[in-house]
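Notes for the structure review
Spelled out, the chains give:
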Amino acid sequence: MKTIESHKVPELAAPVRLSDYAVGIFKKLSTRKGIKKAISKGLIKVNDKRGTTGKFITGGETIELLQAKDNKPTIKLALDIVFEDDYLAIINKPAGMVVSGNQKRTLENALPTGLKPSSQIDTLQRPLPVHRLDHATSGLLLIAKTRSVQTQLSQLFSDRKIEKTYNAITIGKIEKQGEIDSKIKEKTAITKYLLLQSLQSEKYGSLNLVELKPHTGRRHQLRIHMLENGTPILGDRRYFIKGKLSQGKGLYLCSTALSFMHPATNEMLNTSIELPHKFVKIFGKGSEEE
């Protein structure tokens, strides 16, 4: 296995256990929990021999941190990269693509070959999505390329400091704007919506192009809330009104904008994409149906 960091132990006043001494000596692995896990996996060597938690460090040893073997599969896929730097990336996920999971053909498995490697000391072995989009949902997906940025982006999501904007086409009469505050699995869930355009449809009564802003991040939140509002998302095969199920072009839900403070550069990052073609086909040309 490849050595990714090496440390020469100076003269010590007294022997120290490896599991205690190694905390803080590596930039890529700084926590006590992480050190113990690395030792148990055989990823820390002392003088070219596998280290153990009970090994005493006396001074003069060379301690190495090894790169774990990547057993996960990779696939080649042309990614639609909206933004990328040494710390993170934002890609436009196609509808029908699974973000991660046990199967081989996932977006996560395409990231190692589709993105540029980070040159940062705490680069992740594999770039990782920081949030999820449903299989049927398209649009902007945020990817971390370093360990520290992964932690910081997760915290930004937890603190609700990443503004997400979605666009959807919904079925039925809808108010010009509104807020849905309805718990999902006993947890607070808030969604704001804004009607952008509406047209009459013989099959659905009316179709609406709406902007959605989730203020919480519950699973299937937008889809659940739109159904509860009496205006389900066109093409949703799980949350729908009987007799109004579309058999056409899939789910009409897209993550179209992300806005947040870049955790490494401290600059405001605003990214957006155009509406998918299937949205434009309905509202751009004034067509009633897909």
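Because the structure is a prediction, the values reported are computed rather than measured.

Scanning the protein for helices and strands turns up six helices and 16 strands. Relative to the globule expectation of 19 Å for 290 residues, the C-alpha radius of gyration of the protein, 24 Å, shows a markedly less compact shape. C-alpha atoms of the protein, sized along the principal axes, occupy 80 × 35 × 35 Å. Split into buried and exposed, the 290 residues of the protein put 45% on the buried side. Look at the contacts in the protein between residues 6 or more apart in sequence, and 61% of them connect residues 24 or more apart.

Another point: the side chain of His-220. Within the fold, His-220 resides in the loop between β14 (205-214) and α5 (221-228). Dropping the residues within four chain positions of it, His-220 is found in contact with Asp-134, Arg-238 and Tyr-239.

Take the sheet that holds strand β1 (residues 3-8) next. Strands belonging to one sheet form pairs held by backbone hydrogen bonds; the direction of such a pair is parallel or antiparallel. Pairing within the open sheet is antiparallel, and its four strands lie in the order β1-β6-β3-β4. Where the open sheet ends on each side, the last strands, each with one partner, are β1 and β4 (49-50). In this structure, strand β3 (residues 44-46) lies alongside strand β6 (residues 62-66), joined through three bridges in antiparallel fashion. The residue bridging Val-46 from the neighbouring strand is Ile-63, located in β6.

It is worth spelling out the environment of Ser-272 at this point. Within the secondary structure, Ser-272 is located in strand β16 (residues 268-272). C-alpha of Ser-272 to C-alpha of Ile-143: the two residues are 129 residues apart in sequence and 15 Å apart in space.

Looking at the secondary structure, you find Asn-47 in the loop between β3 and β4. Of the residues examined, Asn-47 reaches a relative accessible area of 45% and is grouped as partly exposed. Considered as a pair, Asn-47 and Thr-62 are 15 residues apart in the sequence and their alpha carbons are 5.2 Å apart. With residues near it in sequence (within four places) discarded, Asn-47 still touches Glu-61 and Thr-62.

This model, assessed by the stated rule, comprises eight salt bridges. Among the salt bridges present, the one from Asp-48 reaches Lys-45, with a minimum N-O distance of 2.7 Å. What makes Asp-48 exposed here is its relative accessible area of 55%. Residue Glu-108 pairs with Lys-72 through a salt bridge whose shortest N-O separation is 3.9 Å. Here Glu-108, found in helix α3 (residues 107-114), pairs with Lys-72, found in the loop between β6 and β7 (81-84); they are 36 residues apart in sequence, far enough to count as distant. Beyond isolated ion pairs, a larger network of salt bridges with shared partners links Asp-134, Arg-223 and Asp-236.

The rules behind the values
Residues numbered from 1 in each chain as written. Predicted model: local features only at pLDDT ≥ 70, side-chain atom pairs only at ≥ 80, totals over all residues. Heavy atoms only, no water. Helix = DSSP H or I, 4+ residues; strand = E, 2+ residues; numbered from the N terminus. Rg over C-alpha atoms; globule rule 2.2 N^0.38 Å. Buried < 20%, exposed > 50% of the residue type's maximum accessible area, 1.4 Å probe, protein only. Contact = heavy atoms within 4.5 Å. Pairing = 2+ DSSP bridges. Salt bridge = Lys/Arg side-chain N within 4 Å of Asp/Glu carboxyl O.

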